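# A look at the structure
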Amino acid sequence: MTATVQTVETEILSALATVLDPELDEPVTELGFVRSVAIDDEGVEVHLRLPTSFCAPNFAYLMVADAYDALAGVPDTGRVRVLLDDHHDSDKINAGTAAGLGYVGTFGVEAEEGLDELRRTFQRKAHVAAMERCCRAVLASGAWTLEELPLLELFDLPEDRLKLALLRRREAIGLLNHSHARVLVGHDGEPVAKSDLKLWLRLAATTRVSIEGNAHFCRGLLATRYADPVGAAPVITNSRSHP
Amino acid sequence: MYEKDGESYYIVDGHVHIWDGRASNHKNVHGKEFIDCFYDYHRNLSPEDVIWDYDTYTYYGAERFMKDLFAEGYVDHAIFQATLLSDFYHNGFGQTEEAFGLARQHPERLTYNHAYDPRNGEAGLEQLRRDAERFNLKGVKLYTAEWHGDSRGYKLDEPWSRRYLEECLELGITNVHVHKGPTIKPLDRDAFDVADIDKVATDYLDLNFIVEHVGLPRLEDFCWIATQESNVYGGLAVAMPFIHARPRYFAQIIGELLYWIGEDRILFGSDYALWTPKWLVEKFVDFQIPEDMPEYPAITPEQKKKILGLNAASLYGLDVPRQFRLPAASGAGV
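Please read these numbers as outputs of a predicted model, since none were measured by experiment.

Right, let's talk about the overall build of chain A for a bit. Scanning chain A for helices and strands turns up 8 helices and 4 strands. Reading chain A from its N end, one meets helices and strands in the order α-α-β-β-α-β-α-α-α-α-α-β. Projecting the C-alpha coordinates of chain A onto the three principal axes gives extents of approximately 60 × 50 × 35 Å. Among the 243 residues that make up chain A, the fraction classed as buried is 51%. Only carbon and sulfur atoms are counted for the fraction: they give 55% of the accessible area of chain A, which is about 11400 Å².

On to the sheet that holds strand 8 (residues 208-212) of chain B. As a general point, the strands of a sheet are linked pairwise by backbone hydrogen bonds and lie either parallel or antiparallel. All names here are of chain B. One open sheet holds the 5 strands; their spatial order is 6-7-8-9-10, and the pairing between them is parallel. Every interior strand has two partners, whereas the edge strands, strand 6 (139-142) and strand 10 (266-267), have only one. Relative to strand 9 (residues 232-235), strand 8 runs parallel, the two sharing 4 bridges. When the sheet's bridge partners are listed, Val-211 is paired in strand 9 with Gly-234.

Attention now moves to the packing of aromatic side chains. Taken as a whole and assessed by the stated rule, the structure comprises 37 aromatic pairs over all chains. Ring centres of A:Phe54 and B:Phe34 lie 5.5 Å apart, and the angle between their planes is 85°; this geometry places the pair in the edge-to-face category. One end of the pair, A:Phe54, is in the loop between strand 2 (43-48) and helix 3 (57-72); the other, B:Phe34, is in helix 1 (residues 29-45), on a second chain. Take A:Phe54 and B:Phe34: they sit in the same class, and that class is buried. A ring pair is formed by B:Phe34 and B:Phe93, whose centres lie 5.2 Å apart and whose planes are at 85°; its orientation type is edge-to-face.

This paragraph deals with unusual backbone geometry. All names here are of chain B. In this structure, the amide linkage connecting Tyr-272 to the following residue, Ala-273, adopts the cis form with an omega of 5°. Within the secondary structure, Ala-273 is located in the loop between strand 10 and helix 11 (277-286). Phi at Tyr-74 is positive, roughly 70°, even though this residue is not glycine. Residue placement: Tyr-74 occurs in the loop between helix 3 (61-71) and strand 4 (77-81). Even without a glycine there, the phi angle at Leu-85 is positive, about 45°.

Taken together, the contact between chain B and chain A spans 37 residues of the former and 39 residues of the latter. For the chain B and chain A pair, buried surface summed over both sides reaches about 3500 Å², with 59% attributable to carbon and sulfur atoms. Linking chain B with chain A are 3 salt bridges, by the criterion used here. Between A:Arg202 and B:Glu256 there is a salt bridge, with the nearest N and O atoms lying 3.5 Å from each other. One can count 10 residue pairs in polar contact (both at pLDDT 80 or more) joining chain B with chain A. Put simply, the parts of the chain that give the side of chain B that touches chain A at least two residues each are helix 1, helix 8 (219-226) and helix 10 (247-260) of chain B. Residue contributions to the side of chain B that touches chain A peak at 9 residues, all from helix 1 of chain B. By residue class, the composition of the side of chain B that touches chain A is 17 nonpolar, 5 polar and 15 charged.

Residue and element names in this part refer to chain A. Here helix 1 (residues 8-16) has its buried residues at Val-8, Ile-12, Ala-15 and Leu-16. Taken down its axis, helix 1 places every buried residue within 100° of arc, on the same side. Looking at the buried side of helix 1, the elements it contacts are helix 2 (28-31), strand 1 (34-39), strand 2, helix 3 and strand 4 (235-238).

Nonpolar side chains in soluble globular proteins tend to end up buried together. Ranked by internal contacts, the top residues of the largest apolar core, which has 106 residues, are B:Phe65, B:Phe209, B:Ile254 and B:Leu257. By residue number, the principal contributor to this core is helix 10 of chain B, which donates 8 residues. Not counting residues within four places of it along the chain, the set of residues in contact with B:Phe209 comprises B:Leu165, B:Val176, B:Ile197, B:Val200, B:Ala201, B:Tyr204, B:Asn231, B:Val232 and B:Tyr233. With 42 residues, the next largest nonpolar core counts A:Tyr61, A:Val80, A:Leu118 and A:Tyr226 among its residues.

All names here are of chain B. Tracing the sequence through the fold places Gln-81 in strand 4. For Gln-81, the side chain forms a polar contact with the side chain of Asn-113, separated by 3.2 Å. Residues in contact with Gln-81, not counting those within four places in the same chain, are Gly-14, His-15, Val-16, His-17, Asn-113, Lys-141, His-177 and Glu-212.

The subject of this paragraph is the UniProt feature "domain: MIP18 family-like" (unreviewed entry) in chain A. Residues given the UniProt feature "domain: MIP18 family-like" (unreviewed entry) here are residues 9-82 of chain A. The span residues 9-82 of chain A is 38% helix and 22% strand, and its two end C-alpha atoms sit 15 Å from each other.

This paragraph deals with the domain arrangement of chain A. All names here are of chain A. Parsing chain A into structural domains produces domain 1 (3-114 + 220-238) and domain 2 (117-192). For domain 1 versus domain 2, the distance between C-alpha centres works out to 29 Å. On the domain 2 side, the residues contacting the 7 residues of domain 1 number 5 residues. For the pair domain 1 and domain 2, the summed buried area comes to about 660 Å², and 56% of that belongs to carbon and sulfur atoms. Contact with domain 2 buries area across many residues of domain 1, yet Pro-22, Asp-25 and Leu-62 alone supply 54% of it, more than any other trio. At the boundary of domain 1 and domain 2, one finds 2 salt bridges. The salt bridge partner of Arg-119 is Asp-66, with a shortest N-O separation of 2.8 Å. For the pair domain 1 and domain 2, the number of links is 2 residue pairs in polar contact (both at pLDDT 80 or more). Residues of the side of domain 1 that touches domain 2, tallied by class, amount to 3 nonpolar, 1 polar and 3 charged.

All right, on to a nonpolar patch on the surface then. Taken together, the side chains of A:Leu199, B:Trp224 and B:Tyr259 define a hydrophobic patch exposed on the protein surface, amounting to about 300 Å² of accessible area. With respect to the secondary-structure elements, B:Trp224 resides in helix 8.

What follows covers the sheet that holds strand 3 (residues 79-84) of chain A. All names here are of chain A. Strand order in the open sheet made by the 4 strands is 3-2-1-4, with mixed pairing throughout. Across the chains shown, the open sheet's two edge strands, defined by having one partner strand only, are strand 3 and strand 4. Taking each pair of neighbouring strands and ignoring which way they run, the sheet shows an average axis angle of 10°. In this structure, strand 2 lies alongside strand 3, joined through 6 bridges in parallel fashion. Its bridge partner lying in strand 3, Leu-48 is registered against Leu-84. Lying over the sheet, helix 1 contacts strand 1, strand 2 and strand 4, oriented at roughly 140° with respect to strand 1.

Here is what the cut-offs are and how they apply
Residues numbered from 1 in each chain as written. Chains lettered and ligands numbered in written order. Predicted model: local features only at pLDDT ≥ 70, side-chain atom pairs only at ≥ 80, totals over all residues. Heavy atoms only, no water. Helix = DSSP H or I, 4+ residues; strand = E, 2+ residues; numbered from the N terminus. Buried < 20%, exposed > 50% of the residue type's maximum accessible area, 1.4 Å probe, protein only. Areas by Shrake-Rupley, 256 points an atom, 1.4 Å probe, with all protein chains shown as cover. Pairing = 2+ DSSP bridges. Phe/Tyr/Trp six-rings, centres within 6.5 Å; stacked < 30°, edge-to-face > 60°. Contact = heavy atoms within 4.5 Å. Buried area = accessible area lost by both parts, 1.4 Å probe. Salt bridge = Lys/Arg side-chain N within 4 Å of Asp/Glu carboxyl O. Polar contact = N/O pair within 3.5 Å; in protein donor to acceptor, adjacent residues only side chain to side chain. Nonpolar A, V, L, I, M, F, W, Y, C, P; charged D, E, K, R; others polar. Arc of directions from axis to C-beta. Core = buried A, V, L, I, M, F, W, Y, C linked by side-chain atoms within 4.5 Å. UniProt positions renumbered as here; feature names shortened; annotations may be inferred. Domains from an automatic or database assignment. Patch = residues over 30% accessible without salt bridge, like charges linked within 9 Å, V, L, I, M, F, W, Y side chains within 5 Å. Axes fitted to C-alpha atoms, helices over the stretch in contact; angles between N-to-C directions.

Shown next, in the form of structure tokens:
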């Protein structure tokens, strides 16, 4: 056995870590939304849970469907099952996702359209918040002034997690990530005009506050609901007969 | 009223309930899920020494209500916000008759706001007229995300909703409280989106739109709209208790609100019995923006007075005793 071989557990957890709560923009693994992972010869069964039974069904559905897709991409996993526990639409969402019905197929008359637009809205907000964090950091470092910000390029950002997060979010909304791309752009890639700069940054800061605050709220509620320490790790069992 | 450090505060609690979440009132499992969700909010965000036991929380009745608000909670006037949820509870969640009876007994202390649903069409309009007369309505509380048959929510700018808003104008109902906050059950569309407020606020300038829960978890959308519409207000119910559990987040919320919509359009609300007003009032009066958050200016006692009561008093035409008024406003009004 060598240390470089990834265990099936880590592969599955890494896959789940790519699933984000669409509104909070944080991985479901870090939010404590993954209750358990059971691996056996048949495949893998993951149970997800949410801070309240009234979490919006459209967001819940997105997370279940994304988890399903992420796990299906892990080689040799076998049959994938993702189940949402303790939600007012658990049965509906679980059955619909298992059958690959999609959101509209799952909710029938209740769903007028798919969830792509909703997802895009939150991806755009996540991008705005990530951009604002980078801008704040370069302003705080004293390397850039407010007036110079419109000229800031990806190349100018220090290689840290703030930049990585920004690149990921840019990619998600279809922006190019070449090193001379401007940082301060709208979701259409258009640079922010100098005259709008102050107001724009202010609104971006409010977006960041809103997203961060919601994440605090959800973590606290989840801990209250399940009497867990905040950020509790999922229960993982592996009963596979082969490695 | 509340006094601290030589300052006197007139307190209007803009968001209170008498509810019945007992098992005997559950129509289905959602009735239990709903009150359990409220109880988790309560336990998650309250200081430990004011957390209730579950049974008391599901139903506390009028006597406890009066004690918690007026005997102990410093509240001078409180406004009931109706929460009917008839799909989950046999006799509704908010206890209309009990609340209205109490408001009739104590008109100087209590205002009763009822609800309507524009999806009830012409019959609902008739009902609204009767309700306006019976309850002497000055305000209504709307749940745009409430389920109704096949519908999973409505927008304020839909044609029927507009007819109801116009009827409100006719009937002298000037305060439209809209629940735009934590999820109940939106599904096919994002029923908590605040964009519909933007449209109707522009079209009905004589109505005041109070966005409850300041649009959380979409604070930035609310701020953006409220800053452009002079008749849009932010109700702090559900945002308030962060003052204890997450004070830095609370500082950010209140800092953002003061920046975007200003001190005249923010309204205190405990959301009783989610939280009791006593500790919220005490903590808010003591509250200050942390020094390491220079992006927000300090909050003044004058701003706190407006938020805790004077702003709501002005919307509801309450007679604020002279000693609580601000110097600039003392000559005006009643």
